[in-house]
Amino acid sequence: MTERRILVTSALPYANGHIHLGHLVEYLQTDIWVRFQKLLGRRCVYVCADDTHGTAIMIRARQEGRTEEALIADMQAAHIRDFAAFDIEFDHYGSTHSPANRELCAIFWDGLLKAGLVSEREVTQLYDPVAGTFLADRFVKGTCPRCKSKDQYGDSCEKCHSTYAPTDLIDPVSTISGATPEVRAANHLFINTEQMRPFLVEWTQTADHLYPDVAKWLDAAFLSEPLRDWDVSRPAPYFGFEIPGAPGQYWYVWFDAPIGYVAATKEWCARTGEEFADWWRSDKTDVHHFIGKDITYFHTLFWPVMLKAAGFNLPRMVHIHGFLTVNGEKMSKSKGTFVRAATYLEHLDPACLRYYYASKLTPKLDDLDMNLEEFAAKVNSDLVGKVVNLASRTARFVEGTGLAAKYPDDGGLFAHAAAAASEIAAAYEACDYNRAMRLVMALADRANKYVEDREPWNLRKKAESAAELQAVCTVALNLFRQLVVYLAPVLPRLARQTGELLNRPIRRWDEAQTPLAGTKVNRFERLMDRIEADRVKAMIESSREDAPTAPSQQPTTAASAPAAPAAADGPDALAAEPLAGTISFDEFAKADLRVARVVAAEEVPKSKKLLRLTLSLGGDERRNVFAGIKEAYTPEQLVGRLVICVANLAPRKMTFGMSEGMVVAAGPGGSEIYLLSPDPGAVPGQRIH
RNA sequence: GGGCCCGUAGCUCAGCGGUUAGAGCAGGGGACUCAUAAUCCCUUGGUCGGGUGUUCGAAUCACCCCGGGCCUACCA
């Protein structure tokens, strides 16, 4: 009988950014699971890679004046460094920009073609000649072809609820540049997922490949209606792989990214002499993906279709975790809670984060909250106060004598803890690390009580108690070692140090079943340090310094803002939203921007993003404007202040009423929105030139 | 507005149809002094978000409401 193989992946980090504490939830969750499997002696391989393609990488490389290859090589090196520092141990770490991935993309593509799932359609699309790009439906507006309502989006009319193609619009206008779009034909390649519906329904809904919540969500959100074709091509220029047989067309980054899992495996096989087919084309292999809930869609619909069509193993299980919040809120650059892995390492021990995350992780999609006070308290009390303390308070007493030759009577303590192994293992297996940690800590409590009751510190005072002292310490250190075996997936360094202390390396899970006796005990060295609150504070402070923007809650004036060195401004904002095409002065002058005062502001009750503003342009001129800034500003913050308003924008009917202009602001959206305002002296009604 | 998830002690969470609802930390009292002010014992603290049902029995199931998160739409 052939042993089962387990292949594990974490989602591929994008080569456009550094690893931060949010990423680490996933890589630590996965690494712990893999280490657990390996500790059990199972055949388990963990692969990952950098996700390197796409427009963002291309733009950024251009801005930095170097090749994409140079950019992604640097970023990959940084990622590998960060992962290694956190003891995240991949069997192989590749890149989607690799020969292996290109080759596998072609194999997948071939499979999709043969399955009849690919269609090439010459789509006529609106093209913005000024911005130099094709326009998605929502970036075009015009007059509804049915009911002739003005200012309707390219896909459907809000007035008569009819749907149509953007090319059907009368008098279309690009919402990006205001230019009149041209109709251009472009070749697009699509994957028809609707054809695979019976397979998808069966795969997502029947076997236990997914958490029930996820299966339910997919059913309600996508499978309840016809699945739309997935557009998997992008026209040049694009950083990626050109599609064979389709010159000028490149695979969309989300097409080649998951194939990176397979490519990384293939590279690992080449390196180790393994047979590739054993790992991706074998019913003896279980593939486990670990991902965040944001990319569920890709991994549970598109990816299974691709694998099925190309004849590769389908995932045995997709493990999905929630997001990280810090102190109950989304990570925030301005609050210093957006902490890079490298920044954490400057201040704190990676083992602390490994344990803390483990103590919070469950197999649910719930978000994980990192409460910074709790972080320090939990690590200090559990690891330092309970676990490490056991060795710290007894090892010194047996430095000279070593462990007793025969394991003494301990009243059943060791046997009790040994019996807990299966329950703890089941918790690890189910990704319920929270439960595993609680079980281990309960054992640690019993062990400390044992030491307390036997008072070794008194035994050492009397020569005739020497044997009993050695016996008590032998028990305590064995209980300690047992805990460390159970914690080894989470704390590999502690396991190694413990192996050195007791002269017996910890290599297997079942080492918790047999006590050590008669071994030498080395000089005790501090196994782990307490977390000082100051260190956590310092980490937050230096993360705050990395922040490129001021807090949105307290808009600062230019005068009071600290002078930021220009060199500290990163390229991310520009990369996220590339420069638009050149326009003439006349085109600019069409926009009538005015200074306006917010004279009233109120929340729009049924809307999550909108505030209703009344703007004064001076005199009696008033404008009613809906602005999508609710998450960044309260009405109270706005009333009385000056803003910049687009005064000649065509009025637009919205769900809640007519909007007669817009206020201008910077930022990516959500809570990161920064309204523009003039320097002191400007008055409402003045035009911006 | 539509969809999904969550709401249990001060904090972070377990329990998810059946005895007086639990843990860790924090708080209070005591013990000990080997240990990184660690450990051990005792202890305060909850109408399990609210309401209505189903049931012999509900934190646990159903429905409604309130609050939080995410996806989606409206962000001109």
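None of the values given here were measured: they were computed from a predicted structure.

### Structural notes on a nonpolar patch on the surface
Okay, so step 1: On the surface, I583, F585 and F588 cluster together into a nonpolar patch covering about 310 Å² of accessible area.
Okay, so step 2: Relative accessible area serves as the criterion here: at 35%, F588 is assigned to the partly exposed category.

### Side note on the protein's contact with RNA strand B
Okay, so step 1: Surrounding RNA strand B, one finds 53 residues, the nearest of these being K360, M528, K609, G628 and R652.
Okay, so step 2: Backbone atoms, meaning sugar plus phosphate, form 72% of the atoms of RNA strand B positioned within 4 Å of the protein.
Okay, so step 3: Take G385: an N or O atom from its main chain is 3.0 Å from a sugar or linking oxygen of RNA strand B.
Okay, so step 4: One nitrogen or oxygen atom from the side chain of E452 is found 2.8 Å from a sugar or linking oxygen belonging to RNA strand B.
Okay, so step 5: Considering each element in turn, the surface near RNA strand B owes the most residues, ten residues, to helix α12 (residues 372–392).
Okay, so step 6: Of the residues belonging to the surface near RNA strand B, the class tally is 16 nonpolar, 13 polar and 24 charged.

### What about the packing of helix α1 (residues 21–39) against helix α14 (residues 421–429)?
Okay, so step 1: Here α1 crosses α14 at 135 degrees, and the two axes come no closer than 10 Å. One element, α1, and the other, α14, form an angle in the oblique class. Crossing hand, α1 versus α14: left-handed. Across the interface between the two elements, I32, W33, F36 and Q37 from α1 touch A425, Y428 and E429 from α14.

### Considering the packing of aromatic side chains
Okay, so step 1: Using the criterion set out here, one finds 29 aromatic pairs in the structure.
Okay, so step 2: With a centroid separation of 5.2 Å and an interplanar angle of 80 degrees, the aromatic rings of F83 and F90 are classed as edge-to-face. There is no split in this pair, since F83 and F90 are both buried.
Okay, so step 3: A centroid spacing of 6.2 Å and a plane angle of 65 degrees characterise the contact between Y261 and W303, whose relative ring orientation is edge-to-face. Highlighted residues: Y261 in helix α7 (residues 253–272) and W303 in helix α9 (residues 296–310), separated in sequence by 42 residues.

### Observations regarding the domain arrangement of chain A
Okay, so step 1: One can read the domain layout of chain A as domain 1 (5–115 + 249–323), domain 2 (118–191), domain 3 (349–513) and domain 4 (573–675).
Okay, so step 2: A C-alpha centroid distance of 59 Å is found between domain 3 and domain 4.

### Considerations on α1
Okay, so step 1: With 19 residues, α1 extends 26 Å from end C-alpha to end C-alpha; this agrees with the ideal 27 Å at 1.5 Å per step.
Okay, so step 2: Most of α1 sits out of view: 17 of its 19 residues are buried.
Okay, so step 3: The first or second residue beyond α1 is G41, which carries a positive phi of 95 degrees.

### Considerations on the nonpolar core
Okay, so step 1: Core analysis: the biggest nonpolar cluster contains 170 residues, and F255, W280, Y357 and F375 have the highest contact counts within it.
Okay, so step 2: A total of 13 residues in this core trace back to one element, the largest contributor, which is helix α17 (residues 466–487).
Okay, so step 3: Excluding residues within four positions of it along the chain, W280 makes contact with L7, Y261, V262, T265, V287, H289, W303, L307, G311, F312 and N313.
Okay, so step 4: Formed by 19 residues, the second largest nonpolar core is a distinct cluster that contains L611, V625, Y633 and V663.

### Notes on the pattern of salt bridges
Okay, so step 1: Going through the model one piece at a time under the given rule, you end up with 30 salt bridges.
Okay, so step 2: Notably, a salt bridge pairs K293 with D367, separated by 2.9 Å at the nearest N-O pair. A residue pair is termed long-range when its members are at least 10 positions apart, and K293 in the loop between β13 (285–292) and α9 and D367 in the loop between α11 (350–360) and β17 (368–370) qualify at 74 residues.
Okay, so step 3: The exposure class assigned to K293 is partly exposed, which follows from its relative accessible area of 28%.
Okay, so step 4: We classify D367 as partly exposed; its relative accessible area is 39%.
Okay, so step 5: Between R623 and E621 there is a salt bridge; the shortest N-O distance is 3.4 Å.
Okay, so step 6: With relative accessibility at 17%, the residue R623 sits in the buried group.
Okay, so step 7: Members of the salt-bridge network, linked through shared partners, are D31, R35, E89 and R354.

### Here we look at the sheet that holds strand β19 (residues 611–616)
Okay, so step 1: Spatially, β20-β19-β18-β21-β24 is the arrangement adopted by the five strands of the open sheet, whose pairing is antiparallel. Strands with a single pairing partner mark the edges of an open sheet, and in this sheet they are β20 (622–627) and β24 (662–663).
Okay, so step 2: For β19 and β20, the ladder comprises six bridges, and the chain directions are antiparallel. Looking at β20, one finds that S616 is bridged to R622.

### A few points about the environment of V484
Okay, so step 1: Checked against the element boundaries, V484 lands in helix α17.
Okay, so step 2: Take V484: its relative accessible area is 1%, and that puts it in the buried class.
Okay, so step 3: Between the C-alpha atom of V484 and that of T498, which follows or precedes it by 14 residues, the distance is 7.5 Å.
Okay, so step 4: Residues in contact with V484, not counting those within four places in the same chain, are L494, A495, T498 and I506.

### Topic: helix α6 (residues 212–223)
Okay, so step 1: All buried positions along α6 are accounted for by V214, A215, L218 and L223. Projected down its long axis, α6 shows its buried positions confined to an angular sector of 100 degrees, all on one face. In this structure, α6 carries P212, D213, K216 and A220 as exposed residues pointing more than 90 degrees from its buried face.
Okay, so step 2: Each element contacted by the buried residues of α6 is listed here: α5 (197–205), α9 and β14 (317–321).

### Description of the side chain of R623
Okay, so step 1: By the element assignment, R623 lies in strand β20.
Okay, so step 2: Within the structure, the side chain of R623 is placed 3.4 Å from the side chain of E621, a separation counted as a polar contact.
Okay, so step 3: Apart from the residues within four sequence positions on either side, R623 is in contact with L613, T614, L615, L617, A647 and E660.

Parameters at a glance
Residues numbered from 1 in each chain as written. Chains lettered and ligands numbered in written order. Predicted model: local features only at pLDDT ≥ 70, side-chain atom pairs only at ≥ 80, totals over all residues. Heavy atoms only, no water. Patch = residues over 30% accessible without salt bridge, like charges linked within 9 Å, V, L, I, M, F, W, Y side chains within 5 Å. Areas by Shrake-Rupley, 256 points an atom, 1.4 Å probe, with all protein chains shown as cover. Salt bridge = Lys/Arg side-chain N within 4 Å of Asp/Glu carboxyl O. Buried < 20%, exposed > 50% of the residue type's maximum accessible area, 1.4 Å probe, protein only. Near = heavy atom within 4 Å. Polar contact = N/O pair within 3.5 Å; in protein donor to acceptor, adjacent residues only side chain to side chain. Helix = DSSP H or I, 4+ residues; strand = E, 2+ residues; numbered from the N terminus. Nonpolar A, V, L, I, M, F, W, Y, C, P; charged D, E, K, R; others polar. Axes fitted to C-alpha atoms, helices over the stretch in contact; angles between N-to-C directions. Parallel < 35°, antiparallel > 145°, perpendicular 65-115°, else oblique. Left-handed = near helix turned anticlockwise from the far one by under 90°. Contact = heavy atoms within 4.5 Å. Phe/Tyr/Trp six-rings, centres within 6.5 Å; stacked < 30°, edge-to-face > 60°. Domains from an automatic or database assignment. Expected span 1.5 Å × (residues − 1). Core = buried A, V, L, I, M, F, W, Y, C linked by side-chain atoms within 4.5 Å. Pairing = 2+ DSSP bridges. Arc of directions from axis to C-beta.

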